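Architecture at a glance
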Amino acid sequence: MIILISVGGLSKTFTLHTQGGAEIGVFDDISLEVRAGECICLHGPSGAGKSTLLRSLYANYKPDAGHIIVQHGDESIDLVNAEPWEVVEVRRRTIGYVSQFLRVIPRVATIDIVTEPATTIGIPADEAHAKAKALLARLNIPKRLWSLAPATFSGGEQQRVNIARGFMVDYPVLLLDEPTASLDAANRQSVVELIKEAKARGAAIVGIFHDEEVREAVADRLFKVAQSSVRKSRRNITAVEPVA
Ligand SMILES: Nc1ncnc2c1ncn2[C@@H]1O[C@H](COP(=O)(O)OP(=O)(O)OP(=O)(O)O)[C@@H](O)[C@H]1O
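Residues numbered from 1 in each chain as written. Predicted model: local features only at pLDDT ≥ 70, side-chain atom pairs only at ≥ 80, totals over all residues. Heavy atoms only, no water.

The chain goes by Phosphonate C-P lyase system protein PhnL in an unreviewed UniProt entry, where it is assigned to Bradyrhizobium hipponense. Looking at the chain in UniProt, the text filed under Sequence similarities (unreviewed entry) is "Belongs to the ABC transporter superfamily." Listed in UniProt under the heading Function (unreviewed entry), the comment for the chain reads: "Involved in beta-(1-->2)glucan export. Transmembrane domains (TMD) form a pore in the inner membrane and the ATP-binding domain (NBD) is responsible for energy generation." (UniProt positions renumbered as here; feature names shortened; annotations may be inferred.)

1. A closer look at the packing of aromatic side chains
Throughout the structure, instances matching the rule amount to two aromatic pairs. A ring pair is formed by Phe 14 and Tyr 61, whose centres lie 5.1 Å apart and whose planes are at 85°; its orientation type is edge-to-face. Of the two residues, Phe 14 is situated in strand β1 (residues 3–16) and Tyr 61 in the loop between α1 (50–57) and β4 (65–72); the sequence distance between them amounts to 47 residues. Phe 14 gets classed as partly exposed once you look at its relative accessible area, which sits at 24%. Overall, Tyr 61 belongs to the partly exposed group, its relative accessible area being 25%. Each ring, one from Tyr 58 and one from Tyr 97, has its centre 4.7 Å from the other, and the planes form 15°; the classification is stacked. With Tyr 58 in the loop between α1 and β4 and Tyr 97 in strand β6 (residues 95–98), the pair connects residues that are 39 residues apart, well separated along the chain. Here the guanidinium or amino end of Arg 91 rests over the ring plane of Tyr 58, the centre of that ring lying 4.4 Å away. (Phe/Tyr/Trp six-rings, centres within 6.5 Å; stacked < 30°, edge-to-face > 60°. Helix = DSSP H or I, 4+ residues; strand = E, 2+ residues; numbered from the N terminus. Buried < 20%, exposed > 50% of the residue type's maximum accessible area, 1.4 Å probe, protein only. Lys NZ or Arg CZ within 6 Å of the ring centre and 35° of its normal.)

2. Quick look at helix α5 (residues 155–166)
With twelve residues, α5 should reach 16 Å at 1.5 Å per residue; the first-to-last C-alpha distance of 17 Å fits that figure. The element α5 is largely enclosed, with a buried count of ten among its twelve residues. Looking at α5, one finds that the buried residues are Gly 156, Glu 157, Gln 158, Gln 159, Arg 160, Val 161, Asn 162, Ile 163, Ala 164 and Gly 166. The secondary structure elements touched by the buried residues of α5 are β6, α3 (110–120), α4 (125–138), β7 (173–177) and α6 (185–200). (Expected span 1.5 Å × (residues − 1). Contact = heavy atoms within 4.5 Å.)

3. Section: the environment of Ala 128
Within the fold, Ala 128 resides in helix α4. If we skip the residues at most four places from it in the chain, Ala 128 touches Thr 115, Ala 118, Thr 119, Ile 123 and Met 168.

4. Observations regarding the site of the ligand
By nearness alone, 14 residues border the ligand, and Ser 46, Gly 47, Lys 50, Ser 51 and Thr 52 come closest of all. Between the ligand and Gly 47, the relevant distance is 2.9 Å, taken from an oxygen atom to a main-chain nitrogen or oxygen of the residue. At a separation of 2.8 Å, an oxygen atom of the ligand approaches a polar side-chain atom of Lys 50. Here the ligand, which alone exposes 640 Å², has 66% of that area covered by the protein. Breaking the shell around the ligand down by element, the ones donating at least two residues are β1 and α1. With three residues, the top contributor of residues to the shell around the ligand is α1. (Near = heavy atom within 4 Å. Polar contact = N/O pair within 3.5 Å; in protein donor to acceptor, adjacent residues only side chain to side chain. Areas by Shrake-Rupley, 256 points an atom, 1.4 Å probe, with all protein chains shown as cover.)

5. A closer look at the pattern of salt bridges
Summed over all chains, the structure comprises eleven salt bridges. Close ionic contact of Glu 89 with Arg 92 constitutes a salt bridge, the shortest N to O distance being 3.6 Å. Of this pair, Glu 89 and Arg 92 both sit in helix α2 (residues 84–93), three residues apart, roughly one helical turn. Given a relative accessible area of 30%, Arg 92 falls into the partly exposed group. A salt bridge links Asp 220 to Lys 199; the nearest nitrogen and oxygen atoms lie 3.1 Å apart. (Salt bridge = Lys/Arg side-chain N within 4 Å of Asp/Glu carboxyl O.)

6. Points about the pairing of strand β2 (residues 22–35)
Relative to β2, β1 runs antiparallel, the two being bridged by ten bridges. Paired with Ser 6 across the strands is Glu 33, a residue of β2. Hairpin remark: β1 followed by β2, antiparallel, with five residues in the connecting loop; positive phi at Gly 20, about 70°. (Pairing = 2+ DSSP bridges.)

7. Regarding the side chain of Glu 157
Structurally, Glu 157 can be placed in helix α5. Buried Glu 157, no salt bridge; nearest opposite-charge side chain is Arg 160, N-O distance 4.9 Å. Excluding anything up to four places from it in sequence, Glu 157 contacts Ile 141 and Leu 145. (Lys, Arg positive; Asp, Glu negative; His and termini not counted.)

Encoded structure:
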């Protein structure tokens, strides 16, 4: 099986510059491979670093050490050291990310928000619109909402718009951060079906699924994210504190 993501020696520490340089060691020396067609579930206690790892895989956070090699077309790109333009390209064509919350430009219609990732990579507008409508219908977003901006939608509706957007392009890699957190049973099932279809077409998926039923339905492997063995929280004593 083709390995689409290969992580090695990955470590991440946050430095809180506005809080006296306190350092939060999150994880240390993580190694992980994700193959085409498999879904890996990140698990571990609250605060273990699951979201931080997922965001690092999307190059939102820069790890302190290690590599994240992603197969991008014919190329292998290390996201830890990639140029910003390479990260943009990888996100457009290779890695899709469904965050917990929808963050969009105000006043843009739902249908346009969902369609955009496809038209950006050159999929014809009519084809993209047809797919967006099919996804919104599968995710039970009422038709009357499609032309409205989602700012006023319920939490679950916004999450489903976010999922529709994330599944618009057949990304080779999908990162899913609690995609079913605020959904009812019927909608959870729709998301499970979408994830299974993505696996069947060969997507490599890494997700955080707190819902046990969803996890059992989609995950092939669990990957335990453990708190860093070098976890620390110390103040940088050389930092100069402002005098009030
Ligand atoms: N942007 C940030 N700046 C500083 N510290 C952060 C940041 N993001 C996360 N952390 C810290 O990193 C640690 C791991 O957080 P993370 O959100 O990755 O955990 P998690 O395993 O996803 O937790 P949960 O299951 O509760 O969502 C926490 O101690 C958190 O305080």
